[in-house]
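Analysis of the macromolecular model
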Amino acid sequence: MLQEGAHGRWTISSSDESTEENSDGEKPSTSSLLEAARGRTSGPQYPCSDARKAAHKRKASPLKFRDEKVSTEEPPAEKQRTSQEGSGWCLSSSDEEPEDEEKYDQKETLKEEKCDVPEEHPLNIHKDDELSEDQKAEQYDETPCAAQDTWDLLNGGNSFRFFLTKVRGIEPSYNSGALHIKDILSPLFGTLVSSAQFNYCIDVAWLVRQYPQEFRKKPLLIVHGEKRESKAELLAQARPYENISFCQAKLDIAFGTHHTKMMLLLYEEGLRVVIHTSNLIADDWHQKTQGMWVSPLYPRLPRGTTGSAGESETNFKSDLISYLMAYNSPALKEWTDLIQEHDLSETRVYLLGSTPGRYQGSDKEKWGHLRLRKLLKEHASLIPAQESWPIVGQFSSIGSMGADGSKWLFPEFQESLVAAGSRATDLLKCDVPIHLVYPTVNNVRQSLEGYPAGGSLPYSIQTAQKQLWLHSYFHKWSAEVSGRSHAMPHIKTYMRLSPDFQKIAWFLVTSANLSKAAWGALEKNGTQLMIRSYELGVLFLPSAFGLDKGYFRVKGKMLPKSSDSATYFPVPYDLPPEPYGSKDQPWIWNIPYTNAPDTHGNMWVPS
C-alpha cells in the first residue's frame, strides 16, 4: 500500500497493518542475545532494540556511499534534497518484525574510514581515526580546570541544577557547565558508600568502569525491567562483580518498559539524587544531547527525627518515597528508609513519575499526564491571554497516537499541558499552538554520529504510516544555543512559552517520550488512567524559585556564569523551533537512506 503525506511517502507491506496499535514500541529484543550465545554475532552483549542493533551493525559494517551522479561539490544537505525528491520511502525486509521503539545499545566496534568528513565535525578526523568506535565513546578527557568548574557548578553556579551531558566533538566552551557520568560519580560529589542505578539499557561492565577505582566495590543496586533471556543476560554480565545486586521492576501490562533513569548516591556526607535521560551505555554519554537534574547534597537529619522533617515546599521527599514504594520491592525498602533519614528541604523541583497500573479516583492524579495537570493547576500561575502561549514538546521516540489528534493528543495530553491556576481552563484546547520537536532525516544524516544516531530515534514506519497528520506539527532539531545541533537529542523536554518565546511558564525534563505508554491514557469514560511504563522527570515552576512574575526568562546562551542565573532558564535548543520544510521528513529508523552520504560517508540500510 502506498502512503503519502506532506512530509514524505513510502511503500508499506500488508503485514505492517497488524502491528500492535497500543504499543509504544519500546519492546526489548532478545534475538541478539540468543545469537550471541550461539556465537553468530559480535553484537552488544546486553539487551537492545532492533533500532539499536541496526545502528551497531551499520557501524561495524558501514555501507559506503557510491553515487557518481551526485556532484562532489554539492554540500551534503543539498545532496539530500535533490536526490531524495520524489523518490519515496521504501520498506526494508526487516520491517516485518514487530515495532520496536527504544532499547539502547550501539556498542560500537569498528574503525571509521575517512570519507567526505565535514570540517565542522573534528571528532571524525586526525588521531581519532586510530581509535575504535567503542574506544571513542568511552574516552573522557578532563582538563586541569574541569574539577574546579564542576565544584563551582555544584555550589551555586547553576541555580536550577539542570545540566547537559558532555559531547565529544563540539566546541569545548559548550561543554563548560556540562557533566559526564564520571563527573557525577567522582569523589568530588561525595565519598560514596553505596548507590542505586535505575535504568532501561545497561552495560554492566561499562557502568562499573565509570565509578572511580576506590568506589568500584561499593554496594550497587541495579533496578531494571528485563525479563526471561534479557534478564538472564543482565545477571550474567554482573557475575564478576560481587557487590552488584538487582531489583526487577514489575511490568504486568503488555508493552510496558522500565524507562526511568535515576541515580541514588549515598555518601558519608549525605545523599544525592540524579534524575536524567541517558542509558547506562557508552554511546549515550558520547555524542548525544542528554539532560539531567542533580540534587543538592542532602544532609542526614538528627537522630530521632520523625514525621515530615526534611520535606521541601515541593513535596519532593514524600513523592520520591511514594515512587519507590510503587515498585513494591523489598530491595528498595533500604533506600526509602535512607531517604526518610535525610533532609531534602532544599529541593526546588517537583517530581513527576509514571508507574504501570490502572488508576481510579484520587490515584488517577498520582502519575502520568494527570499528575502534571494537577501540579500545574495547583502551582502554576494563571497566564494572561494564555490561549496564545504555545506548548513545546521535544522527544526521541513516538508511540501510536491514533487516527487523528482527537484520539489522545489533544483531549488528554494537551489538556494536561495547558492547565494553569486553581480553576479549570475553559478555552478550547486545540486553539493552543503545539510545536513538536523531532529530528529530520537531514538532522540525523549531518550529525556527529551520522545515520547510526538514528538507532536511538526509533520512530518506526509501522507507526508513522498510521499518523501522517501528526507530522504537520513537527519541527527540526536545532541547538546552536548549546553547540549541539549535530548531537542528536535523547533528552526529552516539555514546556509552555509566551508567544514571543522569551518567557517560560514551566519546564519539564523527563524520560517520557511522546506516547500513551509513558504518559497514560484514559479508559472507562475517563474514570481510569492506564499507564504501561515507569518514567521519571522533574518539573521546574517559577514559584518554587521565588519568581513572583510567574515565568522564567529564556536564556540566550547555554553557557554558565550569568548574573541572572536564577531568572534565565537554560533551554538546551533553539527557540522558536523551525517547522519542517516541504521536503523534510521525520527520521524513521527502519527504512533505508541510500541517496546521500552521512558525515562518515556512509548510507543507512537497517536490514
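Since the model is a prediction, treat every value here as computed from it, not as a measurement.

With that settled, the discussion passes to the overall build of the chain. Along its length, the chain carries 15 helices and 25 strands. Across the 607 residues of the chain, 61% fall into the buried class. Restricting the contact set of the chain to residue pairs at least 6 apart, pairs at least 24 apart contribute 79%.

This part takes up the nonpolar core. M262, F316, W335, W506, W519, F540 and W587 are the most contacted members of the largest nonpolar core, which totals 115 residues. Take this core: its biggest share by element is 6 residues, from strand β19 (residues 503-510). Discounting residues that sit within four places of it in the chain, M262 has contacts with A196, Q197, F198, V273, V274, I275, H276, L320, Y323, L324 and L536. Membership of the second largest hydrophobic core comes to 28 residues, among which are I202, Y211, L234 and M263.

Attention shifts here to the sheet that holds strand β21 (residues 528-531). The 3 strands are arranged β13-β21-β20 in an open sheet whose pairing can be described as antiparallel. Taken across any chain shown, the strands that pair with only one partner, and hence form the sheet edges, are β13 (357-360) and β20 (521-523). Neighbour to neighbour, the strand axes of the sheet diverge by 30 degrees on average, direction disregarded. Examined bridge by bridge, β13 and β21 share 4 bridges and lie antiparallel to one another. Across the sheet, residue G357 finds its bridge partner in β21, namely I531.

In the structure shown here, the tally under the stated rule is 33 aromatic pairs. Between the aromatic rings of F160 and F545, the centroid separation amounts to 5.0 Å while the plane-to-plane angle is 55 degrees, which identifies the pairing as tilted. Here F545 lies in the loop between β22 (535-540) and β23 (552-554) and F160 lies in the loop between α5 (146-157) and β4 (162-164), a separation of 385 residues in the sequence. Just as F160 is buried, F545 falls in that class too. Judged by centre distance (6.2 Å) and plane angle (25 degrees), the ring pair of F540 and F545 falls under stacked. An identical accessibility class is assigned to F540 and F545; each is buried. Among the aromatic residues, those joined into a ring-pair cluster are F160, F162, F507, F540, F545, F552 and F569.

By the alternation rule, side chains of strand β15 (residues 434-437) split into I434 and L436 and H435 and V437, which are all buried. Judged from the 4 bridges that link them, strand β14 (residues 391-394) and β15 form a sheet pairing that is parallel. In the strand pairing of β15, G393 is matched with L436. Pairing geometry for β15 and strand β16 (residues 474-475), over 2 bridges, is parallel. Bridged to L436 within β16 is F474.

Pairing is mixed in the open sheet, where 7 strands are placed in the order β4-β11-β9-β8-β5-β6-β7. Where the open sheet ends on each side, the last strands, each with one partner, are β4 and β7 (244-248). Averaged over all adjacent pairs, the angle separating strand axes in this sheet is 20 degrees, with direction ignored. Bridge analysis of strand β9 (residues 271-276) against strand β11 (residues 291-294) gives 3 bridges, and the strand direction is antiparallel. Each residue of the ladder has a partner; that of I275, found in β11, is W293. Helix-sheet contacts for helix α9 (residues 316-325) involve β5 (192-198), β8 (262-267), β9 and β11, and the interaxial angle to β8 is about 110 degrees.

Packed helices, taken two at a time, are described by the angle between their axes plus the distance between the axes. Packing of helix α11 (residues 368-379) against helix α12 (residues 409-417) leaves a shortest axis separation of 8 Å and a crossing angle of 35 degrees. The hand of the α11/α12 crossing is left-handed. Residue-level inspection shows H369, L370, L372, R373 and L376 of α11 in contact with α12, the latter providing P411, E412, F413, E415, S416 and L417.

Because an α-helix packs 3.6 residues into every turn, residues spaced three or four apart end up facing the same way. Looking only at helix α8 (residues 228-237), the buried set comprises S230, E233, L234 and Q237. Angular distribution of buried residues about the axis of α8 spans 100 degrees; they occupy a single face of the element.

Attention shifts here to the pattern of salt bridges. The tally for this structure, following the rule as stated, stands at 14 salt bridges. Its salt-bridge partner being R300, residue E341 comes within 2.7 Å of it at the nearest N-O pair. Separated by 41 residues along the polypeptide, E341 in the loop between α10 (333-340) and β12 (350-354) and R300 in the loop between β11 and α9 bring together distant segments of the chain. Between K374 and E378 there is a salt bridge whose closest N-O contact spans 3.0 Å.

Okay, the UniProt feature "binding site: substrate" (unreviewed entry) in the chain next. UniProt records the feature "binding site: substrate" (unreviewed entry) for K261 and K492 in the present numbering. These annotated residues cover 232 residues of sequence, but their C-alpha atoms sit close together, with the largest distance between any two at 11.9 Å. K261 sits in the buried class, given a relative accessible area of 1%. Polar side-chain contacts of K261 include one of 2.9 Å to the backbone oxygen of H259. With respect to the element layout, K492 can be found in strand β18 (residues 492-497). What makes K492 buried here is its relative accessible area of 0%. A polar side-chain atom of K492 sits 2.7 Å from the main-chain carbonyl oxygen of H490.

A few words on the environment of Y267. Mapped onto the elements, Y267 comes out in strand β8. By relative accessible area, Y267 is classed as buried at 5%. The sequence separation of Y267 and Y298 amounts to 31 residues, and the corresponding C-alpha distance is 9.6 Å. If we skip the residues at most four places from it in the chain, Y267 touches I184, F189, G190, T191, L192, V193, R272 and L297.

Definitions and limits used
Residue indices follow the written sequence of each chain, beginning from 1 at its first position. Note on the predicted model: pLDDT of at least 70 is required for a residue's local features to be given, and 80 or more for side-chain atom pairs to be given and counted; whole-chain, interface and lining totals, by contrast, use all residues. Neither water nor hydrogens contribute to the side-chain values; these are computed over all heavy atoms in the structure. The helix and strand labels rest on DSSP assignments: H or I over at least four residues marks a helix, E over at least two residues marks a strand, and numbering proceeds from the N terminus. Buried means the residue's accessible area, taken with a 1.4 Å probe over protein chains only, is under 20% of the maximum for its type, while exposed means over 50%, and partly exposed covers the values in between. Residue contacts are counted whenever heavy atoms from the two residues lie within 4.5 Å of one another. Among buried residues, those of type Ala, Val, Leu, Ile, Met, Phe, Trp, Tyr and Cys that are joined through side-chain atoms within 4.5 Å constitute a nonpolar core. Whether two strands pair comes down to DSSP finding at least two bridges between them. Where helices are involved, their axes are fitted lines through C-alpha atoms of the stretch in contact, as for all axes, and angles between N-to-C directions lie from 0 to 180°. A pair of aromatic rings is counted whenever rings of Phe, Tyr or Trp (Trp by its six-membered ring) have centres within 6.5 Å, and the orientation is called stacked for planes under 30 degrees apart, edge-to-face for over 60 and tilted otherwise. Handedness of a helix crossing follows the sense of rotation of the near helix relative to the far helix, less than a right angle counterclockwise being left-handed and clockwise being right-handed. Here the arc refers to the directions that run from the helix axis out to each C-beta atom. Between Lys or Arg on one side and Asp or Glu on the other, a salt bridge is scored when a side-chain nitrogen of the former is within 4 Å of a carboxyl oxygen of the latter. UniProt positions are given in the numbering used here, feature names are shortened, and annotations may be inferred rather than shown by experiment. Two N or O atoms form a polar contact when they lie within 3.5 Å of each other; inside protein one atom must be a possible hydrogen donor and the other a possible acceptor, and for residues adjacent in sequence the pair counts only when both atoms belong to side chains.

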